[in-house]
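Residues per chain are reported as follows:
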Amino acid sequence: MRYPLKLTAPLKDYLWGGQRLKQEYGKQSELPKIAESWELSCHKDGTSVITNGEAAGMLLSDYIEQQGKEILGSNAGSFEYFPMLIKLIDAADCLSVQVHPDNEYALRAEGEYGKTEMWYIVDCEEGASLIYGFDREISREEFARRIEENTLLEVVRQVPVHKGDVFFIEAGTLHAIGKGILIAEIQQNSNTTYRVYDFGRVGPDGKPRQLHVEKALEVTSLKPVSRKPEPEGKPEQKRGYTDTLLAHCEYFTVRRLEIEYCAQLMADASSFQSLLVLDGEMELDYGFDSIALFKGDSVLVPADMGEYELTGSGTVLLSSL
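In this text, all values refer to a predicted model and were calculated from it rather than measured experimentally.

Concerning the sheet that holds strand β3 (residues 36–40)
Right, so step 1: Taken in spatial order, the 6 strands make up an open sheet running β2-β3-β7-β14-β9-β12, and their pairing is antiparallel. Both edges of this open sheet fall to β2 (11–12) and β12 (166–169), since each of them pairs with a single strand only.
Right, so step 2: Judged from the 2 bridges that link them, β2 and β3 form a sheet pairing that is antiparallel. What sits directly across from Lys 12, in β3, is Glu 36.

Structure representation (structure tokens):
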């Protein structure tokens, strides 16, 4: 029987992380801080663990290997491995200014796919901002010079953020999450990042963290980003909930479900569905069973599982291929 898989996330304690994922989202850890919670992951650097049903205790990657790729749906057939990685990110301090390569470059240089991603602003401090590309087109020579001279921040685009904003970060886009921002990130299943500026910080070893300037020079788009930081679609009122398309591309489709009392949903044969609860409490009812869901919970609904229902109230990100 196919059933919804409730997941426990691998946690990362990068130096810029904070306490919100512990205090507000129920992430339990002895780590001094939590920067990232990998809510849906089959990556070698951290894999989700199933916590319910017959498969409780199994790595999600092992379960998929055991059950077969058909539980991911027909849209996953063109991907060699699990295609998506979903995170909660708590930026108590600024992240480095960085860029991700596209598939062609990443496969050649790193042995994994590149990274196109999207950010949904779950919450932010007043006045928070992030870096989203350049404020004007620059040359490769100027890019290299400004990295060397530590003047890169003079030509990046600083964008104020608000709760509910959506940023589509295509591979090659220079970017950085700013201090005081909590983000849900949906991305390709990749952990390749090229760091070009790090505010002079040092790592746990007391040394400056590694930069990846030469690789960044090869993959960075040097033009401003034209896409607006807003949902791709308009809110659609449905029976018991509001459905908004946040972003769609060949790697993921992400919708925000604002549940008032009930959402009747369907997992067909085309794709699995990831549910990430951003706030509220609800029951996921399927067949003759149910799962209680709370803020910070993550569930993988296998492809072709059929009808299921969310009852209660809250906000859920639904991601699929």
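There's plenty left to go through after this.
Section: empty space enclosed by the protein
Right, so step 1: Using the criterion set out here, one finds 1 cavity of 30 Å³ or more in the structure.
Right, so step 2: For the largest cavity, the calculated volume is near 50 Å³.
Right, so step 3: Among the residues forming the lining of the largest cavity, the class breakdown is 6 nonpolar, 2 polar and no charged.

Comments concerning helix α4 (residues 140–149)
One turn of an α-helix holds 3.6 residues; hence residues three or four places apart share an orientation.
Right, so step 1: Within α4, the full set of buried residues consists of Glu 142, Phe 143, Arg 146 and Ile 147. The buried residues of α4 occupy an angular sector of 135 degrees when projected down its axis, which confines them to one face. Turned more than 90 degrees away from the buried face of α4, the exposed residues are Glu 141 and Glu 148.
Right, so step 2: Lining the buried residues of α4 we find β10 (129–134), β15 (194–197) and α5 (213–219).
Right, so step 3: Directly beyond the C-terminal end of α4, a positive phi value near 60 degrees is found at Asn 150.

What counts, and where the lines are drawn
Residues numbered from 1 in each chain as written. Predicted model: local features only at pLDDT ≥ 70, side-chain atom pairs only at ≥ 80, totals over all residues. Heavy atoms only, no water. Pairing = 2+ DSSP bridges. Helix = DSSP H or I, 4+ residues; strand = E, 2+ residues; numbered from the N terminus. 1 Å grid on protein atoms, 1.4 Å probe; cavity = no way out; pocket = protein on both sides within 12 Å on 5 of 7 lines; lining within 4 Å. Points joined across faces, edges and corners; volume = space filled by probe spheres on them. Nonpolar A, V, L, I, M, F, W, Y, C, P; charged D, E, K, R; others polar. Buried < 20%, exposed > 50% of the residue type's maximum accessible area, 1.4 Å probe, protein only. Arc of directions from axis to C-beta. Contact = heavy atoms within 4.5 Å.

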